[in-house]
Amino acid sequence: PRKNGVTLANVKQSCRALQQLHPRGSDGYHWRVRIDEKPNTSHSSSGIGGGSSGGAYSWWDVQDENARLPVKEATPKELNRMLAPKIAEEGDIVTQEVTKAAK
C-alpha cells in the first residue's frame, strides 16, 4: 500500500484494463467498498465467503475518492470466496448478496 493508504483515486488510476472495457474507463463504473461488520449489527448482510469465519458485511458507496479505503489482508482462497462466490440458483443468498453489491 501507499504511504497514505489506498484510495479509490489510486485504484482507478491503476486499472488500465478498464479503459478498454468502458468508454469512460474507470469512471464508467459505480464503485463500492465492502465493510466487514462487528457481530450483532442491525444493518449487515450475512456475509458469504468473507473469510474463514464467514462474518457479516455490508456494501458502502465511496463518497470521497481521496479518502483512505479499508484494507483487509486475505489469502488467495479468501479472495476467491469474496470475488467468485459459488454459482447458485435464483433467490439463493449468494445471488442476493451479489445483487446487493452490484446496486
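As the structure is a prediction and not an experimental result, all values here were calculated from the model.

Help me understand the packing of aromatic side chains in this model?
Any aromatic ring pair is given by two values, namely how distant the centres are and how the planes are angled relative to each other. By the definition in use, this model includes 1 aromatic pair. Here Y57 and W59 contribute two aromatic rings whose centre-to-centre distance is 6.0 Å and whose plane-to-plane angle is 85°, an arrangement assigned as edge-to-face. Residue classification places W59 among the partly exposed residues on the basis of a relative accessible area of 27%.

So what exactly am I meant to see when it comes to the pattern of salt bridges here?
Pairs can form between side chains of opposite charge whenever their charged atoms are close. Inspection of the entire model under this criterion finds 5 salt bridges. Close ionic contact of K12 with E65 constitutes a salt bridge, the shortest N to O distance being 2.7 Å. Of this pair, K12 sits in helix α1 (residues 8–14) while E65 sits in the loop between β2 (57–61) and α3 (76–83), placing them 53 residues apart in sequence. The exposure class of K12 is buried, given its relative accessible area of 9%. Taking relative accessible area as the criterion, E65 reaches 35% and is therefore assigned partly exposed.

Rules of the game
- Residues numbered from 1 in each chain as written.
- Predicted model: local features only at pLDDT ≥ 70, side-chain atom pairs only at ≥ 80, totals over all residues.
- Heavy atoms only, no water.
- Phe/Tyr/Trp six-rings, centres within 6.5 Å; stacked < 30°, edge-to-face > 60°.
- Buried < 20%, exposed > 50% of the residue type's maximum accessible area, 1.4 Å probe, protein only.
- Salt bridge = Lys/Arg side-chain N within 4 Å of Asp/Glu carboxyl O.
- Helix = DSSP H or I, 4+ residues; strand = E, 2+ residues; numbered from the N terminus.

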